[in-house]
Amino acid sequence: MDRRQVIRSTLASLVAARTAIGGDADGAGAGEPFPPGFLWGAATAAYQVEGAWRQDGRGESVWDRFAHTPGKIKNGDNGDVACDSYHRFGDDIALLRQLNLKSYRYSIAWPRIQPVGRGPANAKGLDYYQRLTDAVLQAGMRPLATLYHWDLPQPLEDAGGWPNRDTAERFADYAGIVARALGDRIGHWCILNEPKTFTSAGYWQGTHAPGRTEPLAFLRATHTVNLAQGSAFRVLKAANPKLQAGSAFDVAPMFAATASYADLAAAERWHKFQNLWFVYPALRGHYPEGVLPADRQADLLDWHAGDEKIMRAPLDFIGLNYYSPWLVSDAPQGNGIPGLNTRGQWAKAPGVTPKTDIGWDIYPSGFHDIVLRMAYETGNLPIEITENGAACNIGPDARGAVHDAPRVAYLQSHLRELARAIRDGAPVRAYYCWSLMDNFEWAEGYSQRFGVVYVDFAHGQQRTIKDSGRWYATVAADNRVLPA
Ligand code: IFM
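Residues numbered from 1 in each chain as written. Predicted model: local features only at pLDDT ≥ 70, side-chain atom pairs only at ≥ 80, totals over all residues. Heavy atoms only, no water.

(A) Examining the state of the cysteines more closely. For the structure on display, the rule yields 0 disulfides. The thiol sulfur of Cys190 is not disulfide-bonded, and the nearest other cysteine sulfur, from Cys433, lies at 15 Å. Just so you know, Cys392 is unpaired, no disulfide at all, and the nearest cysteine sulfur is the one on Cys433, 13 Å from it. Of the residues examined, Cys392 reaches a relative accessible area of 3% and is grouped as buried. (Disulfide = S-S within 2.5 Å. Buried < 20%, exposed > 50% of the residue type's maximum accessible area, 1.4 Å probe, protein only.)

Put into structure tokens, the structure is as follows:
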């Protein structure tokens, strides 16, 4: 067997094993109630839904610049208008209510608050988020606000971006402005969304804004982001000691491609680098052992004495975003990151697991596994599933209805696995599907639809609840996962 065949057969046997023990089987968690008070919600992010990119004093972000650069986004799309949620947030909150949801996760756009990334607050930007938040509260929902869902003010990128340590201080200033203005009404905060993805796609692979392909800058960006996370945590608490703060970490179970020692070791290294790199600094004040040689910390990360105190933050909860597992194999040739013991590469498993329309593996029991693993890694901190969902690009039929059965199946199978994880002891208290509505899917533009609500971008932004939305509404109402 060549390596590709080995990977395929390994994943095939994993799938078979899971099914045999009930992990993916239809009966797992079916009809099982979630804990009383479990919070059902839906998530969006500012650049993906708001539009109004130049309105009311908003400054330019790295995503405006990236999306306006020809060739960066599929079909030349951008977030200039997106779902026009800036003007339609009342309609969107009404949709959340129709879906029986009790929480809305949305993000605050830094360039609306500080148009050039530093200096005084833009009153109109703050006013927008005050109105949005008040509307969420009036609808009887809990707001969960994300401080950073990737829209770095472009002037800060021009000054070096996340690889520049100063960006951590700028972020803390921004967090302070927002916390003082909104900390009286928003009790729950995600400081960062997916730090792994925005640093690696933005500074290493260059597929996301700001589109840089500089491995060392990427490593330094990760460290600045960890400093920013710790500083913002303290600033939030200073504004209101009662509020709860965490971050939304994108995590994936790392399966070794084969049972060889080399692949097992690579999978473990990759777990530390991809799942724990932004968690341990906050909870323990250091990076996961075995990845970063101690004598390289200063030059690879631009580490200064005392950084362990800055990045440490006793997060109140952990947000987890789960979509797909990774299959990891050793990569003797290295992976282009200098100095770090991260040797390894990950792969999808062509032809083995089903895929969503964006091409991501569908592997529900991986959700159970990573939730439990992260519960263990974080000492059983409360967990909120801050994102989970699928791209499914089915549009309306002749009568305008959207029968997105593959998304229903995806959500159903994953929620059953979540129920199983809770039964196995994971302290999960909330779940947000990604996403409330179809929106700007970063480098994929509008080509990938993740919403449980359809958005007709070409014809007046009309919103239509999909079959998946209707099904999810019954889950939220009954607090249990029923058959579709
Ligand atoms: O759309 C994104 C979101 O912004 C971050 N998490 C993954 C989603 C799907 O790619």
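Now that the structure is up, let's keep going.
(B) Here's a closer look at the environment of Asp369. If you trace the backbone, Asp369 turns up in helix α15 (residues 364-377). Put simply, Asp369 and His68 are 301 residues apart on the chain and 40 Å apart in space, counted from C-alpha to C-alpha. (Helix = DSSP H or I, 4+ residues; strand = E, 2+ residues; numbered from the N terminus.)

(C) Geometry of unusual backbone geometry. A cis amide bond links Ala209 to the next residue, Pro210, at an omega of 5°. Structurally, Pro210 can be placed in the loop between α9 (195-203) and α10 (215-239). Between Trp434 and the following residue, Ser435, the backbone shows a cis peptide bond with an omega angle of 15°. Along the chain, the position of Ser435 falls in the loop between β11 (428-434) and β12 (453-456).

(D) Here's a closer look at the site of the ligand. Lining the immediate environment of the ligand, one finds Gln48, His149, Trp150, Asn193, Glu194, Tyr323, Trp360, Glu387, Trp434, Glu441, Trp442 and Phe450. One of the side-chain N or O atoms of Trp434 is found 3.2 Å from an oxygen atom in the ligand. Per-class residue counts for the shell around the ligand are 6 nonpolar, 3 polar and 3 charged. (Near = heavy atom within 4 Å. Polar contact = N/O pair within 3.5 Å; in protein donor to acceptor, adjacent residues only side chain to side chain. Nonpolar A, V, L, I, M, F, W, Y, C, P; charged D, E, K, R; others polar.)

(E) Structural context of the environment of Leu482. Tracing the backbone shows Leu482 in the segment after α17 (467-478). The class for Leu482 is partly exposed, based on a relative accessible area of 29%. Apart from residues lying up to four places away in sequence, Leu482 is in contact with Gly31, Gln412 and Trp471. (Contact = heavy atoms within 4.5 Å.)

(F) Inspection of the packing of aromatic side chains at higher detail. In total, this model carries 40 aromatic pairs according to the counting rule given. Ring geometry for Phe34 versus Phe38: centroids 4.8 Å apart, planes at 50°, classification tilted. The exposure class of Phe38 is buried, given its relative accessible area of 7%. Judged by centre distance (5.3 Å) and plane angle (90°), the ring pair of Tyr47 and Phe440 falls under edge-to-face. Of this pair, Tyr47 sits in helix α2 (residues 46-49) while Phe440 is found in the loop between β11 and β12, placing the two residues 393 residues apart along the sequence. Of the residues examined, Phe440 reaches a relative accessible area of 0% and is grouped as buried. The ring of Tyr128 carries the charged tip of Arg112 above its face, separated from the ring centre by 5.9 Å. Sitting above the plane of the Tyr280 ring, Arg284 keeps its charged end 3.9 Å from the centroid. (Phe/Tyr/Trp six-rings, centres within 6.5 Å; stacked < 30°, edge-to-face > 60°. Lys NZ or Arg CZ within 6 Å of the ring centre and 35° of its normal.)

(G) Inspection of the sheet that holds strand β9 (residues 345-347) at higher detail. Taken in spatial order, the 3 strands make up an open sheet running β6-β8-β9, and their pairing is mixed. Each edge of the open sheet carries a strand with a single partner, namely β6 (254-256) and β9. Shown here is a sheet whose adjacent strand axes are inclined to one another by a mean of 40°, direction ignored. When strand β8 (residues 326-329) meets β9, the two strands line up antiparallel, connected through 3 bridges. Directly across from Leu327, in β9, lies its bridge partner Ala347. Across the sheet, helix α11 (residues 261-275) is in contact with β6, β8 and β9; its angle to β6 comes to roughly 170°. (Pairing = 2+ DSSP bridges. Axes fitted to C-alpha atoms, helices over the stretch in contact; angles between N-to-C directions.)

(H) Here's a closer look at the pattern of salt bridges. This model, assessed by the stated rule, comprises 31 salt bridges. For Asp166, the salt bridge identified is with Arg170, shortest N-O distance 2.8 Å. With Asp166 and Arg170 both in helix α8 (residues 166-182) and 4 residues apart, this pair spans about one turn of that helix. Taking the relative accessible area as the measure of exposure, Asp166 reaches 26% and is therefore partly exposed. Through salt bridges with shared partners, a single ionic network connects Arg118, Asp166, Arg170 and Asp173. (Salt bridge = Lys/Arg side-chain N within 4 Å of Asp/Glu carboxyl O.)

(I) View of the sheet that holds strand β4 (residues 188-193). Reading around the circumference, β1-β2-β3-β4-β5-β7-β10-β11 is the order of the 8 strands in this closed barrel, with parallel pairing throughout. Neighbouring strand axes in the sheet, compared pairwise and without regard to direction, differ in orientation by 25° on average. Taken together, the 4 bridges between strand β3 (residues 142-148) and β4 define a ladder with parallel strand orientation. Bridging across to β4, Leu144 finds its partner in His188.

(J) Representation of α15. Here α15 is 14 residues long and its end C-alpha atoms lie 20 Å apart, about the 20 Å a rise of 1.5 Å per residue gives. Across the 14 residues that make up α15, a large majority, 11, are buried. Pro364, Ser365, Gly366, Phe367, His368, Asp369, Ile370, Val371, Met374, Ala375 and Glu377 are the residues of α15 that are buried. Count one or two residues on from α15 and you reach Gly379, which has phi positive near 65°. (Expected span 1.5 Å × (residues − 1).)

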